[in-house]
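Survey of secondary and tertiary structure
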Amino acid sequence: MTGAAIRVSEIFGPTIQGEGVLIGQPTVFVRTGGCDYRCSWCDTLHAVDSEYREQWQPMSVEEIWMEVRRLSGGVPLTVSLSGGNPAIQPLGPLIDRGHGEGYRFALETQGSVARDWFADLDVLVVSPKPPSSGMETDFEKLDECLAMAAGRPMTVLKIVVFDDHDYAYAKDMAGRYPALPVYLQPGNHTPPPPDDDSATVDIDGVMNRMLWLVDKVTGDKWFDARVLPQLHVLLWGNRRGV
């Protein structure tokens, strides 16, 4: 039941999910350490860059679960598995452990590493990275991730948009996967340095990008897209642990 150790960057909550399909929903976050991507605008470098790996704790499923239960007071809620890329960690036994007590699990990944336990999730958010990230999408791997989900969890696309190139990418992704709901999110161009979560967010700039994105979607009559902010950024800026 315990399985291999899981590298954990932080566990926090309960708070609200700040973005995507579960926005506003009370959540405990289990943020794993490590990622196979290095996005130019990453806002969680403390959980991505190997320079910070000494801060990541190897934890057993039971150790993680006791902390989730402590934070939630034993009342079942949604557990968000994030990172970094949480798909590189052995999270299947943790999902099984939590489901046994009535908790739900959501995971967000860029779709670069497929796991058979994706089918055990309640929500799978596939967030392929647009051109502004500096990363390239491997569609073979992304398709494999979707195949592993086997249609069991609620599966959605979430795409961060900074500019016209990202917007065109998002439209291409929607056309490639027409069965998946699409959530668009204006990018935060002022992410925090890994060691300073007090860095100021350019809220006006983020909101101007939000308005631009709304105008693009409505102007194109792309009425199937959902445009949402990062609610946690609007509420707390770049603070961690909220």
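Bear in mind that the values here come from a model prediction, so they are computed numbers and not experimental data. Here the residue numbers are simple positions, counted from 1 along each chain's written sequence. For a predicted model such as this one, the threshold for reporting local features is a pLDDT of at least 70, and the threshold for listing and counting side-chain atom pairs is 80 or more; totals across whole chains, interfaces and linings nevertheless cover every residue. Derived side-chain values reflect all non-hydrogen atoms in the structure, with water molecules and hydrogen atoms excluded from consideration.

1. What to know about the side chain of Arg31
Every helix listed is a DSSP run of H or I at least four residues long, and every strand listed is a run of E at least two residues long, numbered separately from the N terminus. Here Arg31 shows up in strand S2 (residues 26-32). Here, residues are in contact when the closest pair of their heavy atoms is within 4.5 Å. Here Arg31 is in contact with Val8, Ser9, Glu10, Phe12, Thr44, His46, Ala47, Ser82 and Gly83, once residues within four sequence places are set aside.

2. Considering the pattern of salt bridges
A carboxyl oxygen of Asp or Glu within 4 Å of a side-chain nitrogen of Lys or Arg is what we treat as a salt bridge. Considering all chains together, one arrives at 10 salt bridges under this definition. Linking Lys158 and Glu19 is a salt bridge whose minimum nitrogen-to-oxygen distance equals 2.3 Å. Of this pair, Lys158 sits in strand S7 (residues 154-161) while Glu19 sits in the loop between strand S1 (6-16) and S2, and the two are 139 residues apart along the sequence. Per residue, the accessibility class of Lys158 equals that of Glu19, and both read buried. The partner of Arg176 in a salt bridge is Asp143, with the nearest N and O atoms 3.6 Å apart. With Arg176 in helix H4 (residues 164-176) and Asp143 in helix H3 (residues 139-149), this residue pair connects regions lying 33 residues apart in the sequence. Via salt bridges that share partners, Glu62, Arg69, Arg97 and Glu101 belong to a single interconnected network. Working definition: with a 1.4 Å probe on protein chains only, accessible area under 20% of the residue-type maximum means buried, over 50% means exposed, and in between means partly exposed.

3. Concerning the sheet that holds strand S3 (residues 57-59)
A pair of strands is treated as paired once DSSP finds two or more bridges between them. Pairing within the open sheet is mixed, and its nine strands lie in the order S3-S1-S2-S4-S5-S6-S7-S8-S9. Two strands bound the open sheet, and with one partner strand each, they are S3 and strand S9 (225-227). Averaged over all pairs of adjacent strands, the angle between their axes in this sheet comes to 30°, without regard to strand direction. Seen against the sheet, helix H1 (residues 61-72) touches S1, S2, S3, strand S4 (78-82) and strand S5 (104-109) and runs at an angle of roughly 15° to S1. Between N-to-C directions, angles span 0 to 180 degrees; the directions come from axes that are lines fitted to C-alpha atoms, helices contributing only their stretch in contact.

4. Some remarks on helix H2 (residues 92-99)
Because each turn of an α-helix spans 3.6 residues, side chains separated by three or four positions end up pointing in the same direction. Among the residues of H2, those classed as buried are Gly92, Leu94, Ile95, Arg97 and Gly98. Where H2 is buried, its residues contact S1, H1, S4 and S5.

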